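Topology and contacts: notes
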Amino acid sequence: MKNLQYGDELEIRVLLPTDESRIKAIFNRARRIELLSMGSTTCEHSQFKSFDPRSHAAVSVLNEEVNGFIEFSPDEILGLYVDPLHQGKGVARRLLRFALKSMDNSINAEVLAGNEHALTLFFRHGFEVLRPTTIAIPEAKAAARGYHLQRTISASLHQTVA
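Treat the numbers as computed from the prediction; the structure is a model and nothing was measured.

For the rest of this paragraph, the subject is the overall build of the chain. Assigned secondary structure in the chain consists of 4 helices and 7 strands. Put simply, the chain runs from its N terminus to its C terminus through helices and strands in the order β-α-β-β-β-α-β-α-β-β-α. A fraction of 63% describes how many contacts in the chain between residues 6 or more apart in sequence connect residues 24 or more apart. Split by element, the accessible area of the chain, about 9,400 Å² in all, is 52% carbon and sulfur.

Confidence along the chain averages 86 in pLDDT terms, with 85% of residues attaining 70 or more. Segment residues 158–162 is flagged for pLDDT under 50; beyond a separation of four residues in sequence, or across chains, it makes 8 contacts in the model.

Membership of the largest hydrophobic core comes to 24 residues, with the highest contact counts inside it found for Ile70, Ile77, Leu96, Met103, Phe122 and Phe127. Of all the elements in the fold, those that place two or more residues in this core are β2 (56–62), β3 (65–73), β4 (76–82), α2 (91–100), β5 (106–112) and α3 (116–124). Sort the elements by how many residues they give to this core and α2 lands first, with 5 residues. In contact with phenylalanine 127, other than residues within four places in its own chain, are Leu100, Ile107, Asn108, Ala109, Phe122, Leu149, Gln150 and Arg151. Counting 12 residues, the second-largest nonpolar core is a separate cluster that includes Ile23, Phe48, Val66 and Phe69.

Between its first and last C-alpha atoms helix α1 (residues 20–37) spans 26 Å; for 18 residues at 1.5 Å apiece the expected length is 26 Å, and the two agree. Residues Arg22, Ile23, Ile26, Phe27, Asn28, Ala30, Arg31, Glu34 and Leu35 constitute the buried set of α1. Here the buried face of α1 lies against β2, β3, β4, β5 and β6 (128–137).

Once that is clear, we can look at the pattern of salt bridges. The full count for this structure, using the stated rule, is 6 salt bridges. With a shortest N-O distance of 2.8 Å, arginine 13 and aspartate 19 are connected by a salt bridge. The same class applies to arginine 13 and to aspartate 19, which are both buried. Here the residues in one salt-bridge network are Arg22, Arg29, Glu65 and Asp83, joined through shared partners.

Thresholds, definitions, all that
Residues numbered from 1 in each chain as written. Predicted model: local features only at pLDDT ≥ 70, side-chain atom pairs only at ≥ 80, totals over all residues. Heavy atoms only, no water. Helix = DSSP H or I, 4+ residues; strand = E, 2+ residues; numbered from the N terminus. Contact = heavy atoms within 4.5 Å. Areas by Shrake-Rupley, 256 points an atom, 1.4 Å probe, with all protein chains shown as cover. pLDDT = per-residue confidence, 0-100. Core = buried A, V, L, I, M, F, W, Y, C linked by side-chain atoms within 4.5 Å. Buried < 20%, exposed > 50% of the residue type's maximum accessible area, 1.4 Å probe, protein only. Expected span 1.5 Å × (residues − 1). Salt bridge = Lys/Arg side-chain N within 4 Å of Asp/Glu carboxyl O.

In structure tokens:
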């Protein structure tokens, strides 16, 4: 059975200081599942630290509750997490589109190998695998295989997307 997609009731807005506790809960829950899927046995130590002060962040809100977030700089997606209860309903897609509107023409992201949902999302938005990479997972005291993705669009197309 296909999940129903959220419509106009899903709001995307900039991060507010009052969102911090919900962001931590979403990250910790989603990251734990992500680490379990890669076989980590130390995933219970996953804890959200903080956003890079030079980055931008946006959240998705449904019925006044934050259910996902994205952190990005002008040229890189730094993190994209959705509460597992809301995955598969278009939240990540809407967050990514929000971020892409204000980003440069060349955009980078890293995705863990095996995270097929994230890879599909990025591929659908014009990202391509630039190269395989190793992604540090500090909370698991490990590193994992992943992919360095890149999206490059022409200036004229970027203006159309924005």
